[in-house]
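One-letter residues, chain by chain:
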Amino acid sequence: MANKRIGVYPGSFDPITNGHLDIIKRATKLFDEVIVLVAYNSSKANNRFTVKERVEMINDAIKGLKNVRCEAYEGLTISFAKKNHANFLIRGLRVVSDFDYEWSLAASNEFIDHDIEMVFLMAKKENTFISSSNILELSLMGVDVSKLVPPKVNEYLLNKNKKSK
């Protein structure tokens, strides 16, 4: 396939949620290949899970999706996209406040590489309240979040919570 449509879905995914997974599954219908990119994010110094753990959880969640793979990368997402011949960055929008952040990010990415296209997928209404930080907080407070995350993530959360007690 000469003009393969490759989309990169970057994020910290600390941890991946069913909301993220929904965006990934929907993106597979739009792109020949979707790369879920676990970004090393120095501004989020308090990550609950290591990059290796996040990649493992994502790989478990995406098994069975033929045109999806997961990678980790330290550096600019645009650089990763170029190295992987991707011209699309996939972003999910849950609430209005996400739009402000994403608008600024899109402008920055366009400044770096005007050929990159940002593709925004709206969260389904049942996923609008799901965020990684919300999941972590609820889980730490003993709330059962198993319906909001893939099974492997729930397993990791339960194990982390046992260790922190």
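Refer to the structure above for everything that follows.
Below is a summary of the structure that appears in this document.

So, how was this worked out
Residues numbered from 1 in each chain as written. Predicted model: local features only at pLDDT ≥ 70, side-chain atom pairs only at ≥ 80, totals over all residues. Heavy atoms only, no water. Core = buried A, V, L, I, M, F, W, Y, C linked by side-chain atoms within 4.5 Å. Buried < 20%, exposed > 50% of the residue type's maximum accessible area, 1.4 Å probe, protein only. Helix = DSSP H or I, 4+ residues; strand = E, 2+ residues; numbered from the N terminus. Contact = heavy atoms within 4.5 Å. Polar contact = N/O pair within 3.5 Å; in protein donor to acceptor, adjacent residues only side chain to side chain. Pairing = 2+ DSSP bridges. Axes fitted to C-alpha atoms, helices over the stretch in contact; angles between N-to-C directions. Lys, Arg positive; Asp, Glu negative; His and termini not counted. Salt bridge = Lys/Arg side-chain N within 4 Å of Asp/Glu carboxyl O. Expected span 1.5 Å × (residues − 1).

### Here we look at the nonpolar core
Item 1. Counting 33 residues, the largest nonpolar core has I24, I58, I90 and L157 as the members making the most contacts within it.
Item 2. Of all elements in the fold, only α1 (18-27), β2 (33-39), α2 (51-62), β3 (68-73), β4 (88-93), β5 (117-122), α5 (132-140) and α6 (151-164) reach the threshold of two or more residues within this core.
Item 3. Broken down by element, the residue count for this core peaks at six residues, all from α2.
Item 4. Not counting chain neighbours up to four residues away, the residues in contact with I24 comprise Y9, I16, V36, I62, L65 and V68.
Item 5. Formed by 13 residues, the second largest nonpolar core is a distinct cluster that contains Y73, A81, A106 and I116.

### Some words on α1
Item 1. Within α1, seven of the 10 residues are buried, which leaves the element mostly enclosed by the surrounding structure.
Item 2. Inspection of α1 places G19, H20, L21, D22, I23, I24 and A27 among the buried residues, and these make up the whole buried set.
Item 3. At the N-terminal end of α1, a side-chain oxygen is found 3.1 Å from the backbone nitrogen of G19, two or three residues along, and the residue is T17.

### A short note on the sheet that holds β4
Item 1. Reading across the sheet, the five strands line up as β3-β2-β1-β4-β5 and stay open at both edges, with parallel pairing between neighbours. The open sheet terminates on both sides in strands that have one partner only, identified here as β3 and β5. Within this sheet the neighbouring strands show an average axis-to-axis angle of 30°, counted without direction.
Item 2. Direction of pairing for strand β1 (residues 6-11) relative to β4: parallel, over a ladder of two bridges. Along β4, the bridge assignment pairs V8 with L89.
Item 3. Docked against the sheet, α1 engages β1, β2, β3, β4 and β5, running at close to 120° with respect to β5.

### Things to note about the side chain of R54
Item 1. Relative to the helices and strands, R54 is located in helix α2.
Item 2. Although R54 lies buried, it forms no salt bridge, and the closest oppositely charged side chain, D14, sits 4.0 Å away as judged by the N-O distance.
Item 3. Sequence-distant contacts of R54, that is, excluding residues within four places in its chain, are made with S12, F13, D14, V38, A39, N47 and F49.

### Some remarks on the environment of T28
Item 1. Secondary-structure assignment places T28 in the loop between α1 and β2.
Item 2. When the C-alpha positions of T28 and I112 are compared, they lie 26 Å apart, and in sequence the two are 84 residues distant.
Item 3. In this structure, T28 is in contact with V34, N67 and V68, ignoring residues within four places of it in sequence.

### Some points on the pattern of salt bridges
Item 1. Evaluation of the coordinates by the stated rule reveals 12 salt bridges.
Item 2. In this structure, E33 engages K4 in a salt bridge whose closest nitrogen and oxygen atoms are separated by 3.4 Å. Of this pair, E33 sits in strand β2 while K4 is found in the segment before β1, placing the two residues 29 residues apart along the sequence.
Item 3. Using a relative accessible area of 41% as the deciding quantity, one classes K4 as partly exposed.
Item 4. Residues D113 and K82 are paired through a salt bridge, measuring 4.0 Å at the closest nitrogen-oxygen approach. Placement of the pair is D113 in the loop between α4 (96-112) and β5 and K82 in helix α3 (residues 77-83), with a sequence separation of 31 residues.
Item 5. Each of K4, E33, R69 and E71 takes part in salt bridges that share partners, so that together they form one network.

### Some details on α2
Item 1. Over its 12 residues, α2 extends 16 Å from the first C-alpha to the last, a length consistent with the 16 Å expected when each residue adds 1.5 Å.
Item 2. Taken together, the buried positions of α2 are occupied by V51, E53, R54, V55, M57, I58, A61 and I62.
Item 3. Note on α2: the residue one or two positions beyond its end, G64, has a positive phi of about 100°.

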